[in-house]
Amino acid sequence: MDLRIEELSTSNLRGLRDLRLAPGQERFVAPVLESIAEAYVTPTTWPRAIVGNGEVVGLVMANWDPDSEREAFRAGIWRLNVDEKAQGRGVGRFVVNEVAAEARRRGVSRLTVLCERGDGGPENFYLACGFVPTGEELFGEVVGGLAMG
Ligand SMILES: CC(C)(COP(=O)(O)OP(=O)(O)OC[C@H]1O[C@@H](n2cnc3c(N)ncnc32)[C@H](O)[C@@H]1OP(=O)(O)O)[C@@H](O)C(=O)NCCC(=O)NCCS
């Protein structure tokens, strides 16, 4: 798949709205339109459409707030939704690498993720991408960290 990420715009909003997860996955991540609304009112967020072969296949929202007292808010992935039809094809891993590259551009050497535990959840995906549990929990979610060279 030819993958890239784009800023949100009128040309990818419909595709974002039409994203669907597999049954049972909704409990692990907020609905796309809720994340977009949150991004609208939260200036530190960094929402991006994920485009594969010209179609919207996902949404990622990171947050850059270097002065936050909480590490999990300084440089982290807050949301990642990959459309059911595009899952298991390397989209998620591509996005983690893109966010890590953006972190490096911002001079950040460590990324965090907040992740809900449970069967069919994303924990093993983040472990496969190199995140290591920090032992901390926030909002009932597990925090993972990825140190970048
Ligand atoms: C979790 C999610 C983002 C993964 O995206 P994806 O595009 O399917 O993942 P990739 O194909 O890039 O997988 C990357 C690696 O993680 C592994 N992986 C992916 N999902 C996995 C899972 N549920 N369990 C175990 N391993 C998993 C893959 O096997 C792959 O490993 P490999 O490269 O060594 O073969 C996607 O399934 C999703 O949107 N889930 C529902 C919403 C959600 O939970 N989002 C996270 C909220 S923080």
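Residues numbered from 1 in each chain as written. Predicted model: local features only at pLDDT ≥ 70, side-chain atom pairs only at ≥ 80, totals over all residues. Heavy atoms only, no water.

A. Just the sheet that holds strand 1 (residues 3-7), in detail. In spatial order, the strands read 1-2-3-4-5-7-6; together these seven strands make up an open sheet with mixed pairing. For this open sheet the edge positions go to strand 1 and strand 6 (132-138), each flanked by a neighbour on one side alone. Averaged over all pairs of adjacent strands, the angle between their axes in this sheet comes to 30°, without regard to strand direction. As paired elements, strand 1 and strand 2 (residues 45-52) share five bridges and run antiparallel to each other. Residue pairing in the sheet places I5 in a bridge with I50 of strand 2. Contacting strand 1, strand 2 and strand 3 (55-64), helix 1 (residues 10-17) runs over the sheet at an angle of about 100° to strand 3. (Pairing = 2+ DSSP bridges. Helix = DSSP H or I, 4+ residues; strand = E, 2+ residues; numbered from the N terminus. Axes fitted to C-alpha atoms, helices over the stretch in contact; angles between N-to-C directions. Contact = heavy atoms within 4.5 Å.)

B. Layout of the pairing of strand 7 (residues 141-147). Of all seven residues in strand 7, six are buried; the element is thus mostly enclosed. The pairing of strand 5 (residues 110-115) with strand 7 spans six bridges and is antiparallel. Opposite C115, over in strand 7, you have V142 as the bridge partner. Direction of pairing for strand 6 relative to strand 7: antiparallel, over a ladder of four bridges. In the strand pairing of strand 7, V132 is matched with G145. Here strand 6 folds back onto strand 7, and the loop between the two strands holds two residues, one of which, F139, carries a positive phi near 50°. (Buried < 20%, exposed > 50% of the residue type's maximum accessible area, 1.4 Å probe, protein only.)

C. Representation of the packing of aromatic side chains in the model. Scanning the model with the defined rule gives five aromatic pairs in all. For the pair F73 and F139, a centre-to-centre distance of 6.3 Å together with 20° between the ring planes defines the contact as stacked. A residue pair is termed long-range when its members are at least 10 positions apart, and F73 in helix 3 (residues 71-74) and F139 in the loop between strand 6 and strand 7 qualify at 66 residues. These aromatic residues form a ring-pair network of at least three members: F73, W78 and F139. (Phe/Tyr/Trp six-rings, centres within 6.5 Å; stacked < 30°, edge-to-face > 60°.)

Geometric descriptors of this kind do not, in isolation, establish any biological role.
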